[in-house]
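Structure at a glance
Each chain, letter by letter, is given below.
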Amino acid sequence: MVKTSTFCVLLILSLYTLQAHGALKLASYYRDHMVLQRGPQQAVLWGNADTEGDTVTAQVIGQGSAVNTTVQNGNWKLKLPAIKDPGPFVVNVISGDGGHVTLNDVLFGDVWFCSGQSNMELDMNQILNSAYEIQKGIEKKNIRLLKVAHVNSTSPQYDTKYYIRWTVPNKQYLPQFSAVCFLFAEYLQSHLNYPIGLVDSAWGGTSIEAWSPHDAVQTCPLPHYENYLECCPMVPEVLYNAMVHPFLDMTIFGVLWYQGETNEGQDEIYKCQIKALVDSWRKNFNQRSLGETPVDFPFGYVQLATGNPDLVSAQPALRWAQTVGYGYSPNPALPDTFMAVAMDLKDVGTNPLGPYHPRDKQDVAQRLVLGALNVAYGRKNIEFQGPFPTAFEKDQDQKTLTIEYDHGHTPLDIRSNDGFDVCCNTFAPACDGNSTWVKAPITGHDNSHVTVSYAGCGSRRLVGLRYAWKSQPCEFKQCAIYSAESDLPAPIYITKSPPA
């Protein structure tokens, strides 16, 4: 009881500090210990005030001149100067009628917004080697954390609730924070050497349409679910309204997204939905931040990890749909995106969280960092994609198909002879519902080519090819195709027309 009462008193006092005199208020996520977006972008501050037409002035102490704006319809919004110095700084905001708010220990760095369902929400306390990772993480005082509470709404909100207010990593709060989100920042910061702010806004078991704004929902057909999960909102727009929309005015650097399991079986619709979500989030963050969040901000995502063993289920098709049918990112439908493959990261031994929630989030985060360094930070020498097929050569006499990867430029590491299937059909020129998929073992390989046998087709035509088309295609890091240089796995692949 003493701890609870003390916490409540501190919370009330802190709220009073940010809403001094009742006349001037900052949006609820502007707090002590936060990270504001660094230059060349300009961080946006916004809030409410009682006096219409009043002047609101903000200044980062020791960083240039004050900036001001006017209260209109009870709201105000302004841009701070572009600041690259990491700080820490004090930010003062005052209004002409005597309102005064002070933010202390504010850093300037890159702000990443992390969202999705359970594999994004899975916290640091649940991963492999959690005690070690948490102890290491609490030393990273230039990474700051904000965790959004589970809230849903049928209309767009401008305020939300929180499980964790802005804080440095510590023993109380880091164990509750998204592991993928935090580990990404920890590994990334070693390359950047300046602060990173993280917003953890995720909810397990939720669908992509719940995270989509109205215009995105209207763009695509709505999927049909046999059973709605009572635990988790799946109604269109409700999580976007309550857990994304309040942050649109904040200047951010990029987004991390880990979602899709709930939408398995809806892969054709998901191709539309993921593109619509990315496009609409980019547009809305850009417009509401007065253009400071770029309209093409980097968007990283995790291709679905493992599922139930040995099943050719809906999960591979959803993995393919996450790329809008290209198989890789960035691509023409999803520019300025990057993807971490996770299908080869199943737990070794028994996983108490079940097959859909592998505990190795360290490798997931490392793979995301490679993509971020290349796509988001322009370090084009960083290899971040696994090998991908670029050409095929069929030998009808030997009934073999030779697959070239990356135009012959990527040395391959072959770790298994299994993983390929070919589609066989007697009459149709392409793989259809009357076709049969059969295994196509690897019979040979060289530096950048793999040869598979399609003898299993017998007298039927070879009309398609797929790779790693299982929910759980291999043991830990033992799928067939990897880059010998980067150790990155080849992603899943499918073509339902004759590979040639």
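Quick note: structure is the one above.
Please read these numbers as outputs of a predicted model, since none were measured by experiment.

1. Re the overall build of the protein
A count of helical and extended segments in the protein gives 9 helices and 24 strands. In terms of overall dimensions, the protein is globule-like: its C-alpha atoms have a radius of gyration of 25 Å, near the 23 Å expected for 500 residues. Considered along the principal axes of its C-alpha atoms, the protein spans approximately 85 × 45 × 45 Å. Contacts spanning at least 24 positions in sequence make up 73% of the contacts within the protein whose residues lie at least 6 apart.

2. Digging into helix α4 (residues 179-192)
The terminal C-alpha atoms of α4 lie 20 Å apart, and with 14 residues this matches the ideal 20 Å at 1.5 Å per residue to within 8%. Taking burial as the measure, the 14 residues of α4 include 12 buried ones, the bulk of the element. Along α4, the residues classified as buried are Ala-179, Val-180, Cys-181, Phe-182, Leu-183, Phe-184, Ala-185, Glu-186, Tyr-187, Leu-188, Gln-189 and Leu-192. Put simply, Ser-178 is the residue that caps the front of α4, since its side-chain oxygen is 3.1 Å from the backbone nitrogen of Cys-181. In the stretch just after α4, Asn-193 is the one whose phi turns positive, near 60°.

3. Comments concerning the packing of aromatic side chains
Applying the stated criterion across every chain yields a total of 21 aromatic pairs. For the ring pair Phe-89 and Phe-108, a centre distance of 5.9 Å and an interplane angle of 70° mean the geometry is edge-to-face. Taken together, the residues span a long stretch of sequence, with Phe-89 in strand β7 (residues 89-95) and Phe-108 in strand β8 (residues 100-116) at a distance of 19 residues. Phe-108 shares its class with Phe-89; the two are buried. What links up through ring pairs into an aromatic cluster is the set Tyr-29, Tyr-30, Phe-113, Trp-211, Phe-247, Trp-257, Trp-281, Phe-285, Phe-297 and Phe-299.

4. Quick look at the sheet that holds strand β19 (residues 436-439)
Ordered in space as β19-β18-β22-β24, the 4 strands form an open sheet in which the pairing is antiparallel. Each end of this open sheet is capped by a strand with a single partner; those strands are β19 and β24 (493-495). Sheet twist, expressed as the mean angle between neighbouring strand axes with direction ignored, is 30°. Two elements, strand β22 (residues 461-467) and β24, share 3 bridges in a ladder whose sense is antiparallel.

5. So, the environment of Leu-256
Positionally, Leu-256 belongs in strand β12 (residues 254-258). It is 26 Å that separates the C-alpha atoms of Leu-256 and Pro-88, two residues lying 168 residues apart in sequence. Ignoring sequence-local partners within four residues, the contact set of Leu-256 consists of Trp-112, Phe-113, Cys-114, Ser-115, Met-120, Phe-184, Gly-300, Phe-338 and Leu-368.

6. Describing the layout of surface pockets
Roughly 410 Å³ of volume is contained in the second largest pocket. Taken together, 24 residues make up the lining of the second largest pocket; nearest its centre are Asp-418, Gly-419, Lys-439, Lys-470 and Pro-473. Taken together, the elements giving at least two residues each to the lining of the second largest pocket come down to β18 (420-425) and β22. When the residues that make up the lining of the second largest pocket are grouped by side-chain class, the tally is 12 nonpolar, 5 polar and 7 charged.

7. Considering the packing of helix α3 (residues 130-137) against α4
Viewed as axis vectors pointing N to C, α3 and α4 meet at an angle of 55°, and their least axial separation amounts to 12 Å. As the angle between them shows, α3 and α4 are arranged oblique. The two elements α3 and α4 meet at a crossing, and its hand is left-handed. Packed against α3, whose contacting residues are Glu-133, Lys-136 and Gly-137, the element α4 presents Phe-182, Leu-183, Glu-186 and Tyr-187 at the interface. Each residue belonging to the contact of α3 with α4 can be placed in one class, and the counts come to 3 nonpolar, 1 polar and 3 charged.

8. Let's talk about unusual backbone geometry
The omega angle of the peptide bond from Gly-39 to Pro-40 is 15°, so this bond is cis rather than trans. Mapped onto the elements, Pro-40 comes out in the loop between β2 (35-37) and β3 (44-49). Positive phi values are uncommon outside glycine, yet Asn-129 reaches one of about 55°. Checked against the element boundaries, Asn-129 lands in the loop between α2 (118-121) and α3.

9. Re the sheet that holds strand β6 (residues 75-79)
Pairing within the open sheet is antiparallel, and its 3 strands lie in the order β1-β3-β6. Strands with a single pairing partner mark the edges of an open sheet, and in this sheet they are β1 (24-26) and β6. Looking at each pair of strands side by side, their axes are set apart by 30° on average, direction ignored. Looking at chain direction, β1 and β3 are connected through 3 bridges and run antiparallel. Bridge pairing in β3 places Leu-24 opposite Ala-49.

10. Let's talk about empty space enclosed by the protein
Following the criterion strictly, the structure yields 2 cavities of 30 Å³ or more and no others. When its volume is computed, the largest cavity comes out at roughly 40 Å³. Taken together, the residues of the lining of the largest cavity sort by class into 5 nonpolar, 2 polar and 1 charged. Here the second largest cavity is characterised by a volume of approximately 30 Å³. Taken together, Pro-387, Phe-388, Pro-389, Tyr-405, Phe-420, Tyr-467, Ala-490, Pro-491 and Tyr-493 make up the full set of residues lining the second largest cavity. Residues that form the lining of the second largest cavity fall into these classes: 9 nonpolar, no polar and no charged.

11. Remarks on the pattern of salt bridges
Under the defined criterion, the tally for this structure stands at 17 salt bridges. Asp-215 serves as the salt-bridge partner of Lys-283, at 2.8 Å between the closest nitrogen and oxygen. One end of the pair, Lys-283, is in helix α7 (residues 267-288); the other, Asp-215, is in helix α5 (residues 214-219), and 68 residues separate them in sequence. Shared partners join several salt bridges into a network, and the residues in it are Lys-77, Asp-249 and Arg-288.

So, how was this worked out
Residues numbered from 1 in each chain as written. Predicted model: local features only at pLDDT ≥ 70, side-chain atom pairs only at ≥ 80, totals over all residues. Heavy atoms only, no water. Helix = DSSP H or I, 4+ residues; strand = E, 2+ residues; numbered from the N terminus. Rg over C-alpha atoms; globule rule 2.2 N^0.38 Å. Contact = heavy atoms within 4.5 Å. Expected span 1.5 Å × (residues − 1). Buried < 20%, exposed > 50% of the residue type's maximum accessible area, 1.4 Å probe, protein only. Polar contact = N/O pair within 3.5 Å; in protein donor to acceptor, adjacent residues only side chain to side chain. Phe/Tyr/Trp six-rings, centres within 6.5 Å; stacked < 30°, edge-to-face > 60°. Pairing = 2+ DSSP bridges. Axes fitted to C-alpha atoms, helices over the stretch in contact; angles between N-to-C directions. 1 Å grid on protein atoms, 1.4 Å probe; cavity = no way out; pocket = protein on both sides within 12 Å on 5 of 7 lines; lining within 4 Å. Points joined across faces, edges and corners; volume = space filled by probe spheres on them. Nonpolar A, V, L, I, M, F, W, Y, C, P; charged D, E, K, R; others polar. Parallel < 35°, antiparallel > 145°, perpendicular 65-115°, else oblique. Left-handed = near helix turned anticlockwise from the far one by under 90°. Salt bridge = Lys/Arg side-chain N within 4 Å of Asp/Glu carboxyl O.

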